[in-house]
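# Per-entry structural report
Chain residues, written in single-letter form:
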Amino acid sequence: MKKVILVDGNNLLFRSYFATAYTGNTMRNSKGFPTNGLYGLVNMLNKIIREEKPEYMLVAFDKGKTFRHEKYLDYKGGRNETPDDLKKQFSVAKKLVPLMGIKCFEIDNYEADDIIGTYSKMALIDPEFETTIVSSDKDLLQLINEETEVKLLKQKDYIRMNEETFMDTYGIKPIRMIDLKGLMGDASDNIPGVKGIGEKTALKLLQEYDSLENVYDNIDNIKGATKQKLIDGKESAFMSKDIADNDRIVDGKINMGAYQGGKGTGLNNEKETVNCDVIVEDGIIYVLSEKDGYTTLYNINGAMLESKEIRAGSNSSMIVSEKGLYLVRVVAGNQVKAFKVIIK
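Residues numbered from 1 in each chain as written. Predicted model: local features only at pLDDT ≥ 70, side-chain atom pairs only at ≥ 80, totals over all residues. Heavy atoms only, no water.

## So, the packing of aromatic side chains
Note on aromatic pairs: each is described by the distance of the centres and the angle between the planes. Across all of its chains, the model carries eight aromatic pairs by this definition. With a centroid separation of 5.0 Å and an interplanar angle of 85°, the aromatic rings of Tyr17 and Phe18 are classed as edge-to-face. Its relative accessible area of 6% is what places Tyr17 among the buried residues. Overall, Phe18 belongs to the partly exposed group, its relative accessible area being 24%. Following the ring pairs from residue to residue traces out a cluster consisting of Phe14, Tyr17, Phe18, Phe61 and Phe90. (Phe/Tyr/Trp six-rings, centres within 6.5 Å; stacked < 30°, edge-to-face > 60°. Buried < 20%, exposed > 50% of the residue type's maximum accessible area, 1.4 Å probe, protein only.)

Shown next as structure tokens:
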């Protein structure tokens with residue numbers, strides 16, 4: 001098995017900054033630039049590498065507002081303003097991480113959690129990979145599956161959560177974390193949930209009915225004040241569940257990278273070019289590998305989906321749009337898949 005480590009970069013940088021800022025010990029360089037968050041981040045990443053010994057590693061960061069803000073204007077509302085000394089360190093962190101040989105990623109309109117969710121799903125598809133997510137954010141517990149665990153950071157230590165330990169703790173499946181948030185909400189992200197439903201009641205409902213949808217399908221079997229709260233808060237419940245969902249595929253083109261022997265590499269075979277990208281269209285994941293001016297399409301486990309290589313500019317199997325995108329039709333088994341590819 002090849003070990004993949006997915007790191008919540010925002011989470012680690014915040015933790016590193018506040019670990020010293022609360023004591024007033026904000027480290028600065030000779031020019032007065034704050035470095036405490038960066039110092040802690042580098043130490044934590046090196047510790048992760050020493051302890052986990054990953055073959056592949058990625059650090060994901062948030063990038064401004066996301067589609068969640070479009071769906072729910074008050075998403076993450078009420079949070080304290082990020083300190084200026086911490087804000088300054090984010091841009092440096094995103095330059096520093098690649099210098100450590102670790103792939104660093106941020107994508108417009110998505111959060112770090114969504115990037116991590118996408119990569120964990122990609123690793124699940126390929127049986128060669130096992131994934132560990134590193135963060136103190138419980139939102140990421142929803143991504144636990146048979147190939148993915150979460151190293152949940154605590155103040156002085158961590159808890160390693162897998163399917164078994166999660167079930168022992170909550171009595172529900174990991175993916176039902178989003179249903180839990182739909183019912184009880186999440187004050188830290190200003191997700192409302194159902195007014196008056198707390199964690200204890202929400203867990204009891206999910207342990208009995210499994211999902212938010214099943215809770216409402218069985219609403220007539222629920223008695224008393226809880227039933228009325230659910231009826232009144234139905235719209236908020238489903239909106240909150242959708243907002244909390246990180247088990248999604250990030251649409252568009254994302255680059256596949258890894259920590260391996262101190263340098264960034266792709267997840268293709270080492271003999272292949274490291275200049276490979278991932279194409280996601282309609283929830284289907286493909287790898288685009290470019291070599292010697294040719295473009296070859298692979299599915300996620302490395303099997304070629306095209307019987308021949310395609311040269312950029314050829315009319316064969318491709319239609320060129322006005323925006324310089326190629327619509328490629330790929331025959332896989334008895335199905336024909338069509339998706340867009342950006343040719344560099």
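Now that the structure has been shown, the text picks up again.
## Some points on the sheet that holds strand S5 (residues 148-153)
Here we have six strands laid out as an open sheet, ordered S3-S2-S1-S4-S5-S6, and mixed in their pairing. Single-partner strands in this sheet number two, and they are strand S3 (103-105) and strand S6 (158-161). Adjacent strand axes in the sheet meet at a mean angle of 20° when their direction is disregarded. Pairing between strand S1 (residues 2-8) and strand S2 (residues 56-60): five bridges, direction parallel. Bridge pairing in S2 links Leu6 to Leu58. (Pairing = 2+ DSSP bridges. Helix = DSSP H or I, 4+ residues; strand = E, 2+ residues; numbered from the N terminus. Axes fitted to C-alpha atoms, helices over the stretch in contact; angles between N-to-C directions.)

## So, the packing of helix H7 (residues 177-184) against helix H8 (residues 199-209)
Geometry of a packed helix pair, given as the angle between the helix axes and the separation of the axes. Look at H7 against H8: their axes get within 9 Å of each other, and the N-to-C directions meet at 130°. By the criterion of interaxial angle, the relationship of H7 to H8 is oblique. Handedness of the H7/H8 crossing: right-handed. Of the residues in H8, those in contact with Asp179, Leu180, Leu183 and Met184 of H7 are Glu199, Ala202, Leu203, Leu205 and Leu206. (Parallel < 35°, antiparallel > 145°, perpendicular 65-115°, else oblique. Left-handed = near helix turned anticlockwise from the far one by under 90°. Contact = heavy atoms within 4.5 Å.)

## Thoughts on the nonpolar core
Ranked by internal contacts, the top residues of the largest apolar core, which has 44 residues, are Leu141, Phe166, Leu183 and Leu230. Ranked by residue count, the leading element in this core is helix H5 (residues 112-125), at six residues. The residues touching Leu230, leaving out its near neighbours within four places in the chain, are Leu183, Val194, Leu205, Val215, Tyr216, Ile219 and Ile222. Among the nonpolar cores identified, the runner-up in size contains 22 residues, and Ile5, Tyr17, Leu38 and Ile48 belong to it. (Core = buried A, V, L, I, M, F, W, Y, C linked by side-chain atoms within 4.5 Å.)

## A short note on H5
Because an α-helix completes one turn every 3.6 residues, residues spaced three or four positions apart along the sequence face the same direction. Between its terminal C-alpha atoms H5 stretches 20 Å, which fits the 20 Å expected from 14 residues at 1.5 Å a residue. When you tally the buried positions in H5, you get 11 out of 14 residues, the bulk of the element. (Expected span 1.5 Å × (residues − 1).)

## Concerning unusual backbone geometry
Positive phi outside glycine occurs at Lys76, with the angle close to 60°. Relative to the helices and strands, Lys76 is located in the loop between helix H3 (67-71) and helix H4 (84-99). Residue class for Lys76 comes out buried when judged on its relative accessible area of 18%. Even without being glycine, Asn190 reaches a positive phi, approximately 60°. As for its placement among the helices and strands, Asn190 is situated in the loop between H7 and H8. According to the relative accessible area criterion, Asn190 is partly exposed, its value standing at 27%.

## Some thoughts on the packing of H7 against helix H11 (residues 234-244)
At their nearest, the axes of H7 and H11 sit 7 Å apart, and the two run at 140° to each other. Classed by the angle they form, the pair H7 and H11 counts as oblique. When you trace H7 past H11, the crossing you get is right-handed. Taking contact as the criterion, the partners of Ile178, Asp179, Lys181 and Gly182 in H7 are, on H11, Ala237, Ser240, Lys241 and Ala244. Among the residues forming the contact of H7 with H11, the class breakdown is three nonpolar, two polar and three charged. (Nonpolar A, V, L, I, M, F, W, Y, C, P; charged D, E, K, R; others polar.)

## Overview of the environment of Ala244
The topology assignment puts Ala244 in helix H11. Residue class for Ala244 comes out buried when judged on its relative accessible area of 8%. For Ala244 and Leu180, which are 64 residues apart along the polypeptide, the C-alpha to C-alpha distance reads 9.3 Å. Once residues within four sequence positions are removed from consideration, Ala244 is found in contact with Gln142, Ile178, Lys181 and Ile191.

## Looking at the environment of Val92
Residue position: Val92 is located in helix H4. Spatially, the C-alpha atom of Val92 lies 7.9 Å from that of Leu38, the residues being 54 residues apart in sequence. Excluding residues that lie within four positions of it along the chain, Val92 makes contacts with Phe33 and Leu38.

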